[in-house]
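Summary of the model geometry
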Amino acid sequence: GSTIGIIGGGQLGRMLAMAAARLGYRTVILEPQAACPAAQVANRQITAAYDDAAALAELAAASAVVTYEFENVPVAAASALAAKVTVYPPPRALEVAQDRVAEKQFLNGIGIKTADFRTVDNDDELTAALREFSGSGILKTRRMGYDGKGQRVFRNMETGGFAGTCEAMGNVPLILESFVAFEREVSVIAARGLDGAVAAYDPAENIHRDGILHTSTLPAAIRLETAAAAQAAAAKILSALDYVGVIGVEFFVLADGSLLANEIAPRVHNSGHWTEAACVVSQFEQHIRAIAGLPLGNPGRHSNCVMENLIGDDVLRVPALLAEPDLMLHLYGKAEARPGRKMGHFTRISRRG
Ligand code: ATP
Ligand code: MG
Ligand code: MG
């Protein structure tokens, strides 16, 4: 069989490598950290920085197709790679997903609504933007934020006296988003094949704790037409990006059932981990199928389920979890359980009601 290259060696890379192996592919990962979760599963590791030119050339030479497991792959590296080997999803998807402003402009440009936003590059602009949003909003770094890092919430505060805020945020380009009083949050995991076929999984309802995904529940407590609208928006995003592979799209659901897109992740997504337990074809297999030019699998769900992340010391629950029937456990092989670190997840299955 041929070899699939994966940039990034975290748990998502590990799960992609597992799915690739099951379909008969070999994998080579590019990851600077020697002891990474994917190293235990991949056939080979190129241990170098993500933008190391020699390492990228080696990856290109070894792979029939290259993909990635995180959205902060340097766009220049991905584009240079794409000149030598097929790269899926397309580097354009990285470009859009890496900058919260570019992301919202892209979404709004294809008719998908988001929270209102303003770019913020200094404290005066923050003051002006907060005034426009009546004192409430979420200030975020435009780039590199994840798990709620690089964010500051303003709620019903005086619109002034914010000297030093931008410096405290690291003096990087910022975005102020209006505060969305959402009723719930859902995400859609969807895939687009080489032939343009799209397969969308059912929306998951997501609950975050300390900025990190805590649980994903299926089905989400939303109307059928809301679910269909979320899936249609994901399909629109995939087509607009001429995408190949799996994408995750996060939404806010408002009280009237309407949707605002929050962000997109051009990769397999934590809120799609439930698919390995409740679907015949998981998001990981679906991604490998898509980038390898195979037909997409059925995204249908055979069970209801709740996926929960194991963060830090949560791994101490493993013995008790193993004693439960109808529970699928997935550990990432990380030796040290640091606070906030994703160590694994589990999915509790129940019969479809
Ligand atoms: P991820 O780990 O999902 O990539 P992130 O760090 O990129 O997270 P966001 O998804 O932008 O951050 O925000 C994290 C959470 O903060 C959201 O899931 C939501 O609960 C809340 N949030 C973000 N933006 C807004 C907003 N404009 N209004 C209200 N709540 C928000
Ligand atoms: Mg994000
Ligand atoms: Mg998010």
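- For the chain, an unreviewed UniProt entry supplies the name N5-carboxyaminoimidazole ribonucleotide synthase and the organism Mesorhizobium neociceri.
- Taken from UniProt, the Catalytic activity (unreviewed entry) comment for the chain reads in full: "5-amino-1-(5-phospho-beta-D-ribosyl)imidazole + hydrogencarbonate + ATP = 5-carboxyamino-1-(5-phospho-D-ribosyl)imidazole + ADP + phosphate + 2 H(+)".
- Regarding the chain, the relevant UniProt record gives this comment under Sequence similarities (unreviewed entry): "Belongs to the PurK/PurT family."

**Considerations on the overall build of the chain**
- Within the chain one finds eleven helices and 18 strands.
- Reported as C-alpha extents along the three principal axes, the dimensions of the chain are approximately 60 × 50 × 40 Å.
- Looking at the 353 residues of the chain, the share that counts as buried comes to 44%.
- A separation of at least 24 residues holds for 62% of the contacts in the chain among residues at least 6 apart in sequence.

**Brief notes about unusual backbone geometry**
- In this chain, Tyr88 is followed by Pro89 through a cis amide linkage whose omega measures -5°.
- Structurally, the position occupied by Pro89 is in the loop between β5 (86-87) and α4 (91-98).
- Of the consecutive residues Leu218 and Pro219, the connecting peptide bond is found in the cis state with omega at 0°.
- With respect to the secondary-structure elements, Pro219 resides in the loop between β13 (212-218) and α8 (224-240).
- Look at Asp210: it is not a glycine, yet its phi comes out positive at around 50°.
- Following the sequence through the fold, Asp210 ends up in the loop between β12 (204-209) and β13.

**Here we look at helix α5 (residues 100-109)**
- The set of residues buried in α5 consists of Arg100, Glu103, Lys104, Phe106 and Leu107. All buried residues of α5 lie within an arc of 160° about the axis, which places them on one face of the element.
- At its buried positions, α5 is contacted by α4, β6 (117-120), β7 (137-141), β9 (174-177) and β15 (259-265).
- Downstream of α5 by a residue or two, Gly111 has a phi angle that is positive, lying close to 85°.

**Re the pairing of strand β16 (residues 303-311)**
- Counted residue by residue, β16 has seven buried out of nine residues, so it is predominantly covered.
- Across four bridges, the pairing between β13 and β16 is antiparallel. When the bridges of β16 are listed, Thr215 appears paired with Glu308.
- Inspection of the sheet shows β16 paired to strand β18 (residues 342-351) by nine bridges, in the antiparallel sense. Across the sheet, Ser303 pairs through a bridge with Arg351, a residue of β18.

**Overview of the sheet that holds β5**
- Read from one edge to the other, the open sheet built from five strands follows the order β3-β2-β1-β4-β5, with strand pairing classed as parallel. The open sheet terminates on both sides in strands that have one partner only, identified here as β3 (44-46) and β5.
- With three bridges joining them, strand β2 (residues 26-30) and β3 adopt parallel strand pairing. From the neighbouring strand, Leu30 faces β3, where its bridge partner is Ile46.

**Remarks on the site of ligand 1**
- Surveying the vicinity of ligand 1 reveals 16 residues, the closest of which are Ala115, Gly145, Asp147, Glu177 and Val180.
- Across the shell around ligand 1, the residue classes tally to five nonpolar, five polar and six charged.

**Considerations on the environment of Ala62**
- With respect to the helices, strands and loops of the structure, Ala62 is situated in helix α2 (residues 53-62).
- By the C-beta count within 10 Å, which is 19 here, Ala62 ends up partly exposed.
- The sequence separation of Ala62 and Gly5 amounts to 57 residues, and the corresponding C-alpha distance is 7.5 Å.
- The residues contacting Ala62, other than those within four sequence positions of it, are Thr3, Gly5 and Val28.

**Some points on the environment of Leu322**
- Position of Leu322 relative to the elements: it lies in helix α11 (residues 318-322).
- Taking the C-alpha atoms as reference, Leu322 lies 39 Å from Val87; in sequence the two are 235 residues apart.

**Focus on the nonpolar core**
- Membership of the largest hydrophobic core comes to 79 residues, with the highest contact counts inside it found for Leu16, Ala190, Ala234, Ile247 and Val249.
- No other element matches helix α1 (residues 11-22), which puts seven residues into this core.
- Setting aside residues up to four positions removed in sequence, Ala234 forms contacts with Val188, Ala190, Ala200, Ile247 and Val249.
- Core analysis: the second largest hydrophobic core is formed by twelve residues, Phe117, Val120, Ala129 and Leu174 among them.

Definitions and limits used
Residues numbered from 1 in each chain as written. Chains lettered and ligands numbered in written order. Predicted model: local features only at pLDDT ≥ 70, side-chain atom pairs only at ≥ 80, totals over all residues. UniProt positions renumbered as here; feature names shortened; annotations may be inferred. Helix = DSSP H or I, 4+ residues; strand = E, 2+ residues; numbered from the N terminus. Buried ≥ 20, exposed ≤ 12 C-beta atoms within 10 Å, placed from the backbone. Contact = placed C-beta atoms within 7 Å. Arc of directions from axis to C-beta. Pairing = 2+ DSSP bridges. Near = placed C-beta within 6 Å. Nonpolar A, V, L, I, M, F, W, Y, C, P; charged D, E, K, R; others polar. Core = buried A, V, L, I, M, F, W, Y, C linked by C-beta atoms within 7 Å.

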